[in-house]
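Residue-level structure breakdown
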Amino acid sequence: MLTESVSNICYFTLAGFTHSAFALGYEAGINKCTIDGNMVPPASLITFVQKGLQYLEMEANLSNSDADVEEDFSFLQPLDLITKDVRELRQMIKERKKGLQKEKEKEKEKEKEKEREKDKETEKEHERERARIREKDRKEREKEVEKDRERNEKVRDREKQLEDNAERGAIPDQEEKTVVKQEENGISGVGAEPMEIAVPSTSQTCEISSSDVMILEGHASEVCACAWSPTGSLLASGSGDSTARIWTVAEGTARTSMQNGPANVLVLKHVKGRTNEKSKDVTTLDWNGEGTLLATGSYDGQARIWSTTGELKSTLSKHKGPIFSLKWNKKGDFLLTGSCDKTAIVWDVKAEEWRQQFEFHTGPILDVDWRNNVSFATSSTDNMIYVCKVGETRPIKTFAGHQGEVNCVKWDPAGQLLASCSDDISAKVWSMKQEKYVYDLREHTKEIYTLRWSPTGPGTNNPNQQLVLASASFDSTVKLWDVEVGKLISTLCGHRDPVYSVAFSPNGEYLASGSLDRCINVWSLKDGNIVKKYTGNGGIFEVCWNKEGDKIAACSANNTVCVLDFRM
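So, a few notes on the structure that sits alongside this text. (Residues numbered from 1 in each chain as written. Predicted model: local features only at pLDDT ≥ 70, side-chain atom pairs only at ≥ 80, totals over all residues. Heavy atoms only, no water.)

1. Notes on empty space enclosed by the protein
Rolled over the atoms, a probe as big as a water molecule pinpoints where empty space is left. Tallied over the full model, the rule gives one cavity of 30 Å³ or more. Contributing to the lining of the largest cavity are Lys342, Ala344, Phe358, Phe360, His361, Ile365, Phe376, Thr378, Tyr386 and Cys388. Elements that contribute at least two residues to the lining of the largest cavity include exactly strand E16 (375–380) and strand E17 (384–389). (1 Å grid on protein atoms, 1.4 Å probe; cavity = no way out; pocket = protein on both sides within 12 Å on 5 of 7 lines; lining within 4 Å. Points joined across faces, edges and corners; volume = space filled by probe spheres on them. Helix = DSSP H or I, 4+ residues; strand = E, 2+ residues; numbered from the N terminus.)

2. Topic: the pattern of salt bridges
On inspection of all chains with the given rule, the structure shows 14 salt bridges. Linking lysine 313 and glutamate 311 is a salt bridge whose minimum nitrogen-to-oxygen distance equals 4.0 Å. Relative accessible area serves as the criterion here: at 43%, glutamate 311 is assigned to the partly exposed category. For lysine 428, the salt bridge is made with aspartate 440, and the minimal N-O distance between the two is 2.7 Å. A residue pair is termed long-range when its members are at least 10 positions apart, and lysine 428 in strand E21 (residues 427–431) and aspartate 440 in strand E22 (residues 439–441) qualify at 12 residues. (Salt bridge = Lys/Arg side-chain N within 4 Å of Asp/Glu carboxyl O. Buried < 20%, exposed > 50% of the residue type's maximum accessible area, 1.4 Å probe, protein only.)

3. Describing unusual backbone geometry
Positioned with a positive phi, serine 242 is a non-glycine residue whose angle comes to about 70 degrees. Within the fold, serine 242 resides in the loop between strand E4 (234–239) and strand E5 (243–248). Serine 242 sits in the buried class, given a relative accessible area of 0%. Look at asparagine 383: it is not a glycine, yet its phi comes out positive at around 75 degrees. With respect to the element layout, asparagine 383 can be found in the loop between E16 and E17.

4. Overview of the environment of arginine 567
Structurally, arginine 567 can be placed in the segment after strand E33 (561–565). Its relative accessible area of 42% is what places arginine 567 among the partly exposed residues.

5. Details of the pairing of strand E19 (residues 406–411)
Judged by how many residues are buried, E19 sits mostly within the fold: six of six residues are covered. Two elements, E19 and strand E20 (residues 417–422), share five bridges in a ladder whose sense is antiparallel. Bridge assignment links cysteine 408 to a residue of E20, and that residue is cysteine 421. The hairpin turn running from E19 into E20, its antiparallel successor, is five residues long, and glycine 415 in that turn takes a positive phi close to 70 degrees. (Pairing = 2+ DSSP bridges.)

6. Observations regarding a negative patch on the surface
Taken together, Glu103, Glu107, Glu111, Glu115 and Asp119 make up a surface patch of like negative charges. Mapping glutamate 107 onto the fold places it in helix H6 (residues 86–168). (Patch = residues over 30% accessible without salt bridge, like charges linked within 9 Å, V, L, I, M, F, W, Y side chains within 5 Å. Areas by Shrake-Rupley, 256 points an atom, 1.4 Å probe, with all protein chains shown as cover. Lys, Arg positive; Asp, Glu negative; His and termini not counted. Charge placed at Lys NZ, Arg CZ, Asp CG, Glu CD.)

7. Quick notes on the environment of cysteine 562
As for its position among the elements, cysteine 562 is in strand E33. Classification of cysteine 562 by relative accessible area gives buried; the value is 6%. Between the C-alpha atom of cysteine 562 and that of isoleucine 215, which follows or precedes it by 347 residues, the distance is 4.5 Å. Not counting chain neighbours up to four residues away, the residues in contact with cysteine 562 comprise Val213, Met214, Ile215, Ile520, Tyr534, Ile552, Ala553 and Ala554. (Contact = heavy atoms within 4.5 Å.)

8. Some words on the sheet that holds E16
Overall, antiparallel pairing links the four strands, which are arranged E15-E16-E17-E18 in an open sheet. In this open sheet, the two strands that pair with only one neighbour each are strand E15 (365–370) and strand E18 (397–400). In this sheet, neighbouring strand axes are inclined to one another by 15 degrees on average, regardless of whether the strands run parallel or antiparallel. For E17 and E18, the ladder comprises four bridges, and the chain directions are antiparallel. Residue pairing in the sheet places isoleucine 385 in a bridge with phenylalanine 399 of E18. (Axes fitted to C-alpha atoms, helices over the stretch in contact; angles between N-to-C directions.)

Structure follows, in C-alpha cells:
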C-alpha cells in the first residue's frame, strides 16, 4: 500500500496537482517511508496497475503447481514488484528459496552435530566405566599373582624346613586339626548356635587326586564363566580371549575320559581373525532349558545365540555397553540381558529382535534373574533393585535398602522370595508382598560377591529338605542362612582369599565353593565339613555341577577349565 501511495504522489506531482500530492503524502505518512523517492520512476502508478495485472496471471500460474504462493510472495519486497519484471522476480524467489533451504540444512547439520557430540560423550562414559572395571580386574589379578608368589615361597621354606628336620631326625608337628562347634544333629535345627569351620588339615583324605581331575586346555586368556548343559554332557566356557567353547565331556570318571583321548571341543569365535580383542571378552553365558541353545554376552554389547553344533544362530544388537548378565526364561522364548549402558532388554528369540528395553537404573546393571516367564529382577551399581514385567512400562516393584552396589539377585525356587547381596557387606531377602526387606543378613565382614538358593523345599525335586541360602564374600567365608527365621546357620571358613562362586549339588546335600586361593571345596550340608578339596593353578571364578551331580566344573584365571569327579 505504501508503494502505491508513492506512485500516486509521483503521478499527481507530474500532472500539476501539487496540493493533492501533498495531502495524499501526508495522509499516507510518506515522510516515514524508508523508500528513497528518487528511486521511484515516473508513471509508476500506471506501471503498478500493469504489474498488478501481470501478477494476477503469475499467481494463477503458480496456483496450478504445488508451490506455496503465499510463501513465494513473502520473498519479495514492494520495491521489487515495481522495479523488476516477472522473470527477474521468479529468479529472485528461486535464489532466496535456495538461501532459505541452505539455512535449514545448516540448522539440521548443527542438530546432527549435537547428537554426535552427545553420543560421543555417552561412549566416553561407557569407556570410563569399562576402564574402571578392567582396572579392578587387573588389580585383583595382580593380588592373586602376588599371593601365589608368597604361597610358593612359603612352600619352598616349608620344604626346606622339612628337609632340615629330616636330616636332624626331628618329627614335624602335626597340622592344626579341624575345629567344629555345632549342634549334635547337624545344621538343620532352628535356633542352634552357628558352626565355625576352620581350615582342615591338608593331610586328610578329602584331597581329590589328579587322576580324578580332567583339565580342559585351549583358552588363551582367563576363563570367567562356565555352565553345564541341563540335559546332556556338554560344558560351555567363556573367556577373555574373545571365544566361548563347548566341550563334550564323556560320561564316567576323569581317568576313563582321559584314556579315551582329549575332550571334543567347539570354538565359538566372537571376532574374526585374531582373538585378543578386549571388547569381545565373553563375560557371561547361559543354556536354555532344553539344552539346545547357548547364549553368550560380550564386552562389545552384543548377545549371541549358538546351537550345540557351534553354529551362530542370532546376533542381538541394541546395547551400547558391555553385557554383564544374561538369562533365559524357563519357557525359552525370551532372553534377558543386563548391560553397562544402564538398561535391561528382553529379546524375542524366535523373531530375533528386542521385545522391550527397560531404562530405570541410573548405573550399570550387574545382574538379572527371571522370577517366572514374564517378570524378572535387575540389580545395579546405583544400589537399587527393580522387578519388571514384559509389557509394563514401569517397574512393578522397587526395592531400596542397600547402601552399596548390588552385585547379585536370585529368586528362590518358588519365585516368592528374592535374595540380594551388596558391597555394603549385607545380604537381604525381599518379598513381593511388602516394600521393605524381610531380612537384613549382616554377618560378613567384607563385600558379598554372590549368593545361591538350595534346590530344596516346596516346588523342587527335594521338597522335604530345608530351604537354605548361601552367600560368598571377599572375607574368604561362605555363610549358610535359614530364611524362615533370617538366622545364620553356619560359617564355612575353608578358604584364604575372596570366594567368587558357590553352587549347590542337584540333590541339595553338598555345596561347592571356588576362591581366588585356587581351591575348590565341597562341603557336606549335614555337618558342615569339607568332604572333597582340589587345589588348582589359578584363582577360581565359577563352579557348577552337572545334572547328575557326579561332576563339578570350575573355570580359572590360568586359562583352563577343570572337571572334578565327585562320588561319595
